[in-house]
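Topology and contacts: notes
Now for the letters of each chain:
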2 protein chains.
Amino acid sequence: MLGFARNCRKFANFSTVADKFFKVEVVGNKRRTSEPKTRKETKPRFEKKVKQRISDYLKQMATPEIEIQLAPLRAAVKESGDLVRDLKAKGAPKIDVDRAVVELKARKKLLEETEIALAPKEASFDRLKLEDLLKRRFFYDQSFAIYGGVTGLYDFGPMGCALKANMLQEWRKHFILEEGMLEVDCTSLTPEPVLKASGHVDRFADWMVKDTKNGECFRADHLIKNSIEKLLNDKKTSAETKKDCEDVLARLEGFDNNDMHQVITRFGFKSPITGNDLTEPIAFNLMFPTQIGPTGDFKAFLRPETAQGIFVNFKRLLEFNQGKLPFAAAQIGLGFRNEISPRQGLIRVREFTMCEIEHFVDPEDKRLPKFAKVANEKLVLFSACNQMDGEPAKELAIGEAVKAKTVANETLGYYMARCQQYLLKVGIDPRRLRFRQHLSNEMAHYAQDCWDAEILTSYGWIECVGNADRACYDLQQHYKATNVKLIAEKKLEKPTEVNVVEAQANMALLGKSFKKDAKKIQGALAALTNEEVEQMEAELKENKLFKLTVDNNDFNITPDLVNIKKYSKTLHVQEITPSVIEPSYGIGRVMYSLLEHSFRQREGDEQRTFLAFPPLVAPIKCSILPISANEKLVPIIEKVKEELASYELSYKLDDSSGSIGRRYARTDEIGIPFGITVDFDSETLPHTVTVRHAESMTQIRLEVSELGRLIGDLCKNRQTWQDAQQKYPKFETANE
Amino acid sequence: MLGFARNCRKFANFSTVADKFFKVEVVGNKRRTSEPKTRKETKPRFEKKVKQRISDYLKQMATPEIEIQLAPLRAAVKESGDLVRDLKAKGAPKIDVDRAVVELKARKKLLEETEIALAPKEASFDRLKLEDLLKRRFFYDQSFAIYGGVTGLYDFGPMGCALKANMLQEWRKHFILEEGMLEVDCTSLTPEPVLKASGHVDRFADWMVKDTKNGECFRADHLIKNSIEKLLNDKKTSAETKKDCEDVLARLEGFDNNDMHQVITRFGFKSPITGNDLTEPIAFNLMFPTQIGPTGDFKAFLRPETAQGIFVNFKRLLEFNQGKLPFAAAQIGLGFRNEISPRQGLIRVREFTMCEIEHFVDPEDKRLPKFAKVANEKLVLFSACNQMDGEPAKELAIGEAVKAKTVANETLGYYMARCQQYLLKVGIDPRRLRFRQHLSNEMAHYAQDCWDAEILTSYGWIECVGNADRACYDLQQHYKATNVKLIAEKKLEKPTEVNVVEAQANMALLGKSFKKDAKKIQGALAALTNEEVEQMEAELKENKLFKLTVDNNDFNITPDLVNIKKYSKTLHVQEITPSVIEPSYGIGRVMYSLLEHSFRQREGDEQRTFLAFPPLVAPIKCSILPISANEKLVPIIEKVKEELASYELSYKLDDSSGSIGRRYARTDEIGIPFGITVDFDSETLPHTVTVRHAESMTQIRLEVSELGRLIGDLCKNRQTWQDAQQKYPKFETANE
């Protein structure tokens, strides 16, 4: 389907504004204060190793002075938004609407960039330091590095692997188990006809330009952006050209191939490597092609998303659910996208783990009883209206948002609230999370509504989860392609009498006359509406001939070939194509955001960095650190290990000779939330140990026999560290 | 690497004897009694939907009468085995050895088939019934069925998905967590050079023949087998030809392309579809090809195994382990193999989940302290010797086997024992499990030893796990290809003084003379041995010239280009390339075997089939079955649900109106081990419910508040159903 094709692309086309700015206005109450946040960084984001900082935006208030400066920009966005609305209302030509939308986007961008520029310059995040830690402790790193590496492919090391596994396990619990979803596991290899039907073969593409001499490829929008930025940084560029450049940059996101070709020609952009001329932008399909079997004529692709596997299994799943709607199916698995030139680490990769849900529901009734459970959940919503009016995102209870029709229906709203719960549980900072609604021109024509969960990182607002109401499009497309009915039966409130006019094929004669086409013709005859059959009947009567068009071929139907029957029948059920609500998670993106949000530097010691993961997802739950290599401690260490193992808690024993402070620092770096120290006081019966909370560096002392339950509870969010501190005596040390 | 290439192939080339026979001789004591087992089935295995049965071999004894008939066949195998040994000992030409091995295999096959033919004919397994259940309850089914399906691709439905997830979770716990392995998660997309180095590009292939007219492809050995079987079943075939046919069938496994071509020509085999002529056998590489990026010249494949990802990350992993050996890395992920014509359901598929371990160890010391923990574990070992002597497999403690050098070393033995523990834990029948050693001609030239865990199913003995000592081959191949040293440092017992003769390149001059080749030449100079440098020194002195050959190119080295240094240095460490022990699990195969081994029919009611999974891996742990729809029971049902949820136990509520017996049958079918019935006695305080053990259909009654702990314990193997029966009162009902 185009829709998700576009949707998929969205995963790649997340906000191209490198560093945005975040402002929350409290509509309901509590939770967040209205705060403009910002980043100092203004360097181009393509300088890979530049030291990037997000300012301490969370603590900053939008001062009245700043708001005064922003006011005209907000007004300009609103003016533009009003124009778009007006044109649409008047049914103006598409080209006029598109032009107005490009202008709207340019103004939105200017507003966001000004917000960043005006925001205070304090900074606390250093991406280089985080990247260094992640590489050094092998969370993840470039694949096949000893062979020179491949861009857009990453291998996860032990820490990254465990973090990801924990996030996936929680996802499975939070969604599949708690909601009773039907999990499936389909193949990555996908035959071409499936992706033809879904729209991917024709439309899942990016524009690229080629070096006319050596054939080197560049993503067209990237090439323009880089070339423009080079011009902007060049002192010799005239003020006039610079203004032109800025205008292009602002509009680039809305450009099609012709616009881009025009810019390349007008500025005379060449290959940045060779200086050779460039071709016109050409579409490059982003799926990895392959063939199944030895003949070479069974074309296939690696799936660009897991959703199709669920759609093609719809019939089996509906049966599994005993024919009842609504139900949700889910899949955790790999997706593949052959990006032209991937950058930005884990955010844009060629092979990635997705978690997708397809919730099938009666298109005429998208209410959901359990919505009541989440109705009071507050979300930061950046609605299409807010965006067009130059307004900031607003916090609102999801129940209110659905009531006000801001969010299309209860089912979609429910999944947005559940999405927020999941993201917060795994450790996303609630102040750096928003749900942004797609503007109507961003959505596929069939989509009803779409809200992306966007997370603020040093790369700007990243789309990490899509929550879309995709209507009936997907199932209908596969039905069209296969002629297999992908429908559900809905019980009618009362039986209905209907008149049927049917054209039954005389298969014996049909087979004789049309050979292999007979079956197709039979299908087409069966699919005719009452009116069409009556029209055919009339023509057959008059001309003894009816031209039936099937797949662009005309077939001459004569009266002997069909038998027209009229009768009435009682219907107890109605056939419907279910609508689909689709939450789609890019786990790598959520994970990268989590790494940024968990990254800390010790106050007063910038070199001492660490990761403060929620215990729930921490790769390793505790460290065991004997204070000395003294033999006497060994049996106590063994007791601690047994206690932890019996609660299935992972641990890392560090009995190396480093100072305890040094060993703490090492375990803090890989995000171990709890450090268990065995010291000489541990010898006294009953054995006790100290437990240190890495993030706060506070310690308590407790019996070994209580360890498993305490840490188990902390890891499952059944207790907080504050609770533990109240319950057990504090332990103070001069070690750190 | 060829080795695993061949190894991988092994996954496909599991025993082609459709139905084998299993005999265990008790060498140690206990556990198993010596029993010949058999299957009735003798139909060709390519008749897909034939009703197949494994005889009730587990209960049958090898009668003395049978042994008398088998004796001459055993002797014949031994004679042939002795000849192979003798030829090898004498260093006879390879062709003679190969010929003798083909004869040996033919005789082994005849022995196994006779064992099957002679075994009693009772039968209890009906594959059709199992397949029907698996399809109907959507454990798994053919992918893209609505598009006509693709052979060798399967989608897992909710039940299969949960079963697989539980098996993988247990694998992660049993190996990665308990052994402290380093887990990695690498990409499926793999650049060509990596797989060139590993040997896959050149050697990971099957022989196929093509229809000379329409290009249709057939796997050569399959085509011969099918054609021969057709001849054998043809009444017009002469006795002489039949004998010839049988001879070919027996030897087919050892055939190369020439042998196969000869057979096809001699018998005049044609395409079974069109009757057209066939080409000579041609090699077809079994990897799925693709390209990365838009240019089309970055060739890549989908990985045929996960192992390579670990090898290319060796340096990072060694660092992660602080430079220390031994350590083990593991990966759970997808593998892809473009089989020519996959058959046999989950056993031979094109996309599958693998779990692989690479244990890196000092090649000179493969002892393992924790081996002591498993030394008494008894395994059924089918050693190369047993196979060559026509002897049955023998049960032996792994400690004994390593001591006797039957199994090469402690590390390999350890993983074999751990493998058995895992397989039994997830539910493989211990009486249908054996470890078969590769004959020396089955192993890659560099491999030291290899034992496949084979599981007996209705398809015969299936190789499900490979346990191989692959020596240093893999790391060395990648080192050769990349020039990145993949080595570990081993501390010398005492520092050693060594003399060094070194040729240092004069890089400035070298660069001038050889431009881009300079770096390569520098590398080659640095890699010369002491002796080679001295030889060069002599030539330079005499001729003022030395021809250095790098990658088949000669370079003229003159005295000004190199500086020869001689000195002595003290070594504290020695550089070694670690050996690799590789356990490799095909999870789909283990899962299929488990499904067969768990399949049961109720005594006296053949139609009532069910799956008796171990609770540990059961997709759903319990069902909740209210005896009536009476409102009074609702709060008790809610209590039960809460109790189970608090122990994270999955359940399925079936409150449909069917009789309780019918609902039991439905939940038994999907392998739910425990059924919780809420009846009218449940109302009395404290609330009680009955718990039914599906396999034995026995029931007990207990308080709702005890449910979670009991079922949790049963699912984690902390209690057995027998224990529970002793503890809680029995509940009897006439419902079933």
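What counts and how
Residues numbered from 1 in each chain as written. Chains lettered and ligands numbered in written order. Predicted model: local features only at pLDDT ≥ 70, side-chain atom pairs only at ≥ 80, totals over all residues. Heavy atoms only, no water. Helix = DSSP H or I, 4+ residues; strand = E, 2+ residues; numbered from the N terminus. Areas by Shrake-Rupley, 256 points an atom, 1.4 Å probe, with all protein chains shown as cover. Least-squares fit on C-alpha atoms with pLDDT ≥ 70 in both. Contact = heavy atoms within 4.5 Å. Pairing = 2+ DSSP bridges. Axes fitted to C-alpha atoms, helices over the stretch in contact; angles between N-to-C directions. UniProt positions renumbered as here; feature names shortened; annotations may be inferred. Buried < 20%, exposed > 50% of the residue type's maximum accessible area, 1.4 Å probe, protein only. Lys, Arg positive; Asp, Glu negative; His and termini not counted. Salt bridge = Lys/Arg side-chain N within 4 Å of Asp/Glu carboxyl O. Polar contact = N/O pair within 3.5 Å; in protein donor to acceptor, adjacent residues only side chain to side chain. Patch = residues over 30% accessible without salt bridge, like charges linked within 9 Å, V, L, I, M, F, W, Y side chains within 5 Å. Charge placed at Lys NZ, Arg CZ, Asp CG, Glu CD. Phe/Tyr/Trp six-rings, centres within 6.5 Å; stacked < 30°, edge-to-face > 60°. Lys NZ or Arg CZ within 6 Å of the ring centre and 35° of its normal. Buried area = accessible area lost by both parts, 1.4 Å probe. Nonpolar A, V, L, I, M, F, W, Y, C, P; charged D, E, K, R; others polar.

**Thoughts on the overall build of chain A**
Looking only at helices and strands, chain A features 25 helices and 30 strands. Accessible surface computed for chain A: about 31600 Å², of which carbon and sulfur atoms make up 51%.

**Brief notes about the relation of the copies chain A and chain B**
The operation linking the two copies of the chain is a rotation about an axis combined with a translation along the axis. Superposing chain A onto chain B takes a rotation of 180° combined with a translation of 0.0 Å along the rotation axis, leaving an RMSD of 0.1 Å. Overall, the copies show the geometry of a two-fold rotation axis. The position closest to the rotation axis in chain A is occupied by the C-alpha of T290 of chain A, lying 2.7 Å away. Mapped onto chain B, 100% of the interface residues of chain A again fall at the interface, so both copies present the same surface.

**Examining the sheet that holds strand 7 (residues 217-219) of chain A**
All names here are of chain A. The three strands lie next to each other as 7-6-8, forming an open sheet whose pairing is antiparallel. Strands at the two margins of the open sheet, each flanked by one partner only, are strand 7 and strand 8 (282-285). Neighbour to neighbour, the strand axes of the sheet diverge by 50° on average, direction disregarded. Here four bridges tie strand 6 (residues 205-210) to strand 8, and the two strands are oriented antiparallel to one another. Residue pairing across strands places A205 opposite N285, the latter belonging to strand 8.

**Digging into the UniProt feature "domain: Aminoacyl-transfer RNA synthetases class-II family profile" (unreviewed entry) in chain A**
The sites that UniProt annotates as "domain: Aminoacyl-transfer RNA synthetases class-II family profile" (unreviewed entry) are residues 126-615 of chain A. As a span, residues 126-615 of chain A carries 36% helix and 30% strand, and end to end its C-alpha atoms are 24 Å apart.

**Focus on the side chain of D449 of chain B**
All names here are of chain B. Relative to the elements of secondary structure, D449 occurs in strand 16 (residues 449-457). The side chain of D449 sits in the buried core without any salt bridge; K366 is the nearest counter-charge, 9.6 Å away. In this structure the side chain of D449 is engaged in a polar contact, spanning 2.9 Å, whose partner is the side chain of Q437. Separated by 3.0 Å, the side chains of D449 and W451 make a polar contact. Apart from the residues lying within four places of it in its own chain, the contact partners of D449 are T406, V407, A408, L412, Q437, M443, N467, A468 and D469.

**Thoughts on a positive patch on the surface**
There is a patch of like positive charges on the surface, built from R709 and K727 of chain A together with R709 and K727 of chain B. Tracing the chain through its elements places R709 of chain B in helix 23 (residues 704-715).

**So, the packing of aromatic side chains**
Taken as a whole and assessed by the stated rule, the structure comprises 34 aromatic pairs over all chains. Taking 5.8 Å as the distance between ring centres and 85° as the angle between the ring planes, the aromatic pair formed by Y140 of chain A and Y154 of chain A counts as edge-to-face. Linking Y140 of chain A in strand 2 (residues 140-142) with Y154 of chain A in strand 3 (residues 154-156), this pair joins segments that are 14 residues apart in sequence. Overall, Y140 of chain A belongs to the buried group, its relative accessible area being 10%. Over the ring of F175 of chain B we find R418 of chain B, and its NZ or CZ is 5.9 Å from the ring centre. The residue whose ring lies beneath R434 of chain B is W461 of chain B, and the NZ or CZ to ring-centre distance is 4.1 Å.

**Brief notes about the environment of L286 of chain B**
In this fold, L286 of chain B is placed in the loop between strand 8 (282-285) and strand 9 (289-291). Remark: the alpha-carbon pair of L286 of chain B and V194 of chain B, spanning 92 residues in sequence, is separated by 16 Å.

**A closer look at the sheet that holds strand 26 (residues 651-653) of chain B**
Residues and elements named next belong to chain B. One open sheet accounts for six strands, arranged 26-25-27-28-29-30; its pairing is mixed. Two strands in the sheet have a free side with no partner beyond their single neighbour: strand 26 and strand 30 (730-731). Here strand 29 (residues 699-703) pairs with strand 30 via two bridges, running antiparallel. Bridge pairing in strand 30 places Q699 opposite F731. Sheet strands touched by helix 21 (residues 634-646): strand 25 (622-626), strand 26, strand 27 (674-678) and strand 28 (688-693). Its angle to strand 25, the strand with the most contacts, is close to 170°. Packing of helix 23 onto the sheet brings it into contact with strand 25, strand 27, strand 28 and strand 29, and relative to strand 29 it is tilted by some 130°.

**Observations regarding the interface of chain A and chain B**
Listed per partner, the contact involves 71 residues of chain A and 71 residues of chain B. Of all residues in chain A, I146, Y147 and R316 of chain A bury the most surface against chain B, accounting for 13% of the area lost on that side. With a shortest N-O distance of 2.5 Å, D185 of chain B and K164 of chain A are connected by a salt bridge. The interface formed by chain A and chain B holds 26 residue pairs in polar contact (both at pLDDT 80 or more) in total. Class assignment of the residues belonging to the side of chain A that touches chain B gives a composition of 39 nonpolar, 17 polar and 15 charged.

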